[in-house]
Amino acid sequence: MAGFLVRSRRLELPRELPHYDLNVARLPFRHDRIRWAPYSTANLPCEAVCSSFYYLARALCICAGNRQRGAVMDWRISDGLTEYPAAVAAMEAHVAAMHAGDADEKVWLLEHPPLYTAGTSAKPADLLRPDRFEVFTSQRGGEYTYHGPGQRVAYTMLNLNRRGRDVRKFVCLLEDWIIATLADFNVKGERRRGRVGVWVLRPDKPPLPDGSPAEDKIAAIGIRLRRWISFHGIALNVEPDLAHFDGIVPCGISGYGVTSLVDLGLPVTMADVDIALKRNFEAVFGN
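Residues numbered from 1 in each chain as written. Predicted model: local features only at pLDDT ≥ 70, side-chain atom pairs only at ≥ 80, totals over all residues. Heavy atoms only, no water.

Draft legend 1. Looking closely at the sheet that holds strand β3 (residues 115-118). Across the sheet, 3 strands lie side by side as β4-β3-β5; this open sheet has mixed pairing. Of all the strands in the sheet, just β4 (135-137) and β5 (144-147) have a single pairing partner and so form its edges. Neighbouring strand axes in the sheet, compared pairwise and without regard to direction, differ in orientation by 30° on average. Judged from the 3 bridges that link them, β3 and β4 form a sheet pairing that is parallel. The residue bridging T117 from the neighbouring strand is F136, located in β4. (Pairing = 2+ DSSP bridges. Helix = DSSP H or I, 4+ residues; strand = E, 2+ residues; numbered from the N terminus. Axes fitted to C-alpha atoms, helices over the stretch in contact; angles between N-to-C directions.)

Draft legend 2. Focus on the environment of P209. Mapped onto the secondary structure, P209 falls in the loop between β8 (195-201) and β9 (215-226). Under the relative-accessibility criterion, P209 is labelled exposed at 88%. Between the C-alpha atoms of P209 and G255, which are 46 residues apart in sequence, the distance is 9.1 Å. (Buried < 20%, exposed > 50% of the residue type's maximum accessible area, 1.4 Å probe, protein only.)

Draft legend 3. Examining the side chain of H147 more closely. Of note, H147 is situated in strand β5. For H147, a relative accessible area of 1% gives the class buried. Only 2.7 Å separates the side chain of H147 from the side chain of Q151, close enough to count as a polar contact. (Polar contact = N/O pair within 3.5 Å; in protein donor to acceptor, adjacent residues only side chain to side chain.)

Draft legend 4. Looking closely at helix α5 (residues 270-285). In a regular helix each residue adds 1.5 Å, so 16 residues correspond to 22 Å; α5 covers 22 Å between its end C-alpha atoms and thus fits that length. The element α5 is extensively covered by neighbouring structure, given that 13 of its 16 residues are classed as buried. Taken from the residues just after α5, G286 is the one with a positive phi, measuring 65°. (Expected span 1.5 Å × (residues − 1).)

Draft legend 5. Here's a closer look at helix α4 (residues 167-183). Look at α4: 24 Å from first C-alpha to last across 17 residues, which is about the 24 Å you get at 1.5 Å a residue. Here α4 starts with a cap whose side-chain oxygen sits 3.2 Å from the backbone nitrogen of R168, and that cap is D166.

Draft legend 6. Local environment of the packing of α4 against α5. At a closest axis distance of 9 Å, the pairing of α4 and α5 adopts a crossing angle of 135°. Considered as vectors, α4 and α5 are oriented oblique to each other. Here α4 and α5 pass one another in a crossing that is right-handed. Packed against α4, whose contacting residues are F170, L173, L174, D176, W177, A180 and T181, the element α5 presents A276, L277, N280, F281, V284 and F285 at the interface. Residues that form the contact of α4 with α5 fall into these classes: 10 nonpolar, 2 polar and 1 charged. (Parallel < 35°, antiparallel > 145°, perpendicular 65-115°, else oblique. Left-handed = near helix turned anticlockwise from the far one by under 90°. Contact = heavy atoms within 4.5 Å. Nonpolar A, V, L, I, M, F, W, Y, C, P; charged D, E, K, R; others polar.)

Draft legend 7. The arrangement of the pattern of salt bridges in detail. Taken as a whole and judged by the stated rule, the model has 17 salt bridges. Residue R191 is joined to E175 by a salt bridge in which the shortest nitrogen-to-oxygen separation is 2.6 Å. You can see R191 sitting in strand β7 (residues 190-192) and its partner E175 sitting in helix α4, a full 16 residues away along the chain. What makes R191 partly exposed here is its relative accessible area of 34%. A residue is classified by how much of its surface remains accessible, and E175, at 6% relative accessible area, is buried. As a salt-bridge pair, R202 and D216 come within 2.8 Å of each other at their nearest N and O atoms. (Salt bridge = Lys/Arg side-chain N within 4 Å of Asp/Glu carboxyl O.)

Draft legend 8. Region of interest: the environment of L266. Assignment of secondary structure puts L266 in the loop between β11 (257-258) and α5. The class for L266 is partly exposed, based on a relative accessible area of 23%. It is 9.3 Å that separates the C-alpha atoms of L266 and V238, two residues lying 28 residues apart in sequence. For L266, the contacting residues outside a window of four places in its chain are F185, V187 and L261.

Draft legend 9. Main features of unusual backbone geometry. Of note in this structure, R227 is not a glycine but carries a positive phi near 50°. Relative to the elements of secondary structure, R227 occurs in the loop between β9 and β10 (229-237). Even without being glycine, W228 reaches a positive phi, approximately 65°. In this fold, W228 is placed in the loop between β9 and β10.

This is the structure we're talking about:
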């Protein structure tokens, strides 16, 4: 899935919180974040003064109602398996609503049934077993990737108009988010030049043919931007069937393996990962 075509109160959720309860978590709007600057109406005509107070009162009402777009982050966690076409349709609808000013930013955590997706740079030769799972053409950047049970997919619908119109920086922040989440489980995730995604060293495996240490990919990134609003996102391997990756050349990168948190010997649940993802998203992206 590799490829690519402000700061809120830290919200700490107890680890014992059932992950389905995170669906109702919302970041509160901080009224104490409003900065008041000196403003003089002495030289303004009466109409301007009245207009100023009218718009000030209206702004305060919007803040009090917590409806200012961008002031809150919508977190959604779907139980069970979400069909890929339904997820794409929901993302498209939400991004359209964001463009219209009718929806807030959103992070959507889910799992898909076993399937392959082909990004905009996918090469037909990298689909090794086309009859194994259903294959979907995706508008995200990147090449072929696998999605399936045990993999936490996080679809990020974020407004880069207010977060900075920098695609490379955005991809780096997504990598930072994954790396920080892995660190919560004492796993060192790393970047590699020319290989988007997050990798871990595997000293327990034989070295690569050139003598360098073995490396496995643990998380993939694939995004799309539409008028600087992002969708699609990341996929972190928690406990998927790693044999399912054999039907493709993941992200067009051969010669390396794929791993997961459980494959690394960590008894991590999806609920644990969800809490870590939410905490570290706020630390990396703010709100």
